[in-house]
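# Summary of structural features
Letter by letter, the chains look like this.
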Amino acid sequence: MSQCGRDDCKQRNGSSKCMRIQWESVFANKPNVWLTDIKIDTFGNAAMQKKWNRFKENAWLSFNINTANADSVYLQFVVFTKDENDKWGSREMIGFKSNRWKMIKLRLGDLSYDNWGKGNSATPDFNTIIPARIEIGLRSVYANDKGKIDVRIDDVVVSNYEP
């Protein structure tokens, strides 16, 4: 992972830097390998917990992404509570490949989740939990033709309205 400036890679209009995730060698025909994740600390801080009341089940995650001239990736989303006892991974994975910047936006409450943690809650109830961290997970696809990953991500936002 690194920051990618204007001289290093093509930026979105109005941006001077983005986050870049590169893997120069990707396993062939090994689907769903967890490559890395982008951690977004959200409402776990005591000062932020009251703000969650304005979000709850209407929490949206949005970001801009491109895969340059490399292989496609799957995006999968994970929600954690503050103590990390409860952790849920989305069942949905979004396949993505584009050398142009595209916006991904999703309402967290619309996803289906599996319990990946040690808690008793099968799925997150955004009216009663306070997510302390949200992750954007990058996974490998079923087949690749370039043998490398070059993902760029910019403008990650958690909002209480549809972007």
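## As for the sheet that holds strand E3 (residues 34–41)
By way of backbone hydrogen bonds, the strands of a sheet pair with one another, either parallel or antiparallel. The strand order across the open sheet built from 5 strands is E3-E9-E5-E6-E8, with neighbouring strands paired in antiparallel fashion. Strands at the two margins of the open sheet, each flanked by one partner only, are E3 and strand E8 (113–115). For this sheet, the mean angle separating the axes of adjacent strands, direction not counted, is 25°. When E3 meets strand E9 (residues 131–139), the two strands line up antiparallel, connected through 7 bridges.

## Here's the deal with the pairing of strand E5 (residues 73–81)
When you tally the buried positions in E5, you get 9 out of 9 residues, the bulk of the element. Both E5 and strand E6 (residues 87–96) contribute to a ladder of 7 bridges, which runs antiparallel. Considered in E6, the bridge of Val79 is made with Trp88. Counting the residues that bridge the hairpin from E5 to E6 gives 5 residues, and of these Glu84 lies at a positive phi of roughly 60°. Bridge count between E5 and E9: 8 bridges; the pairing is antiparallel. Of the residues in E9, the one forming a bridge with Val78 is Glu135.

## Considerations on the pattern of salt bridges
Taken as a whole and assessed by the stated rule, the structure comprises 11 salt bridges. A salt bridge links Arg107 to Asp110; the shortest N-O distance between them is 2.3 Å. The salt bridge involving Arg133 is made with Glu135; its shortest N-O contact spans 3.3 Å. The buried category is assigned to Arg133, whose relative accessible area is 14%. In this structure Glu135 comes out as buried when scored by relative accessible area, which is 4%.

Quick notes on the rules
Residues numbered from 1 in each chain as written. Predicted model: local features only at pLDDT ≥ 70, side-chain atom pairs only at ≥ 80, totals over all residues. Heavy atoms only, no water. Pairing = 2+ DSSP bridges. Helix = DSSP H or I, 4+ residues; strand = E, 2+ residues; numbered from the N terminus. Axes fitted to C-alpha atoms, helices over the stretch in contact; angles between N-to-C directions. Buried < 20%, exposed > 50% of the residue type's maximum accessible area, 1.4 Å probe, protein only. Salt bridge = Lys/Arg side-chain N within 4 Å of Asp/Glu carboxyl O.

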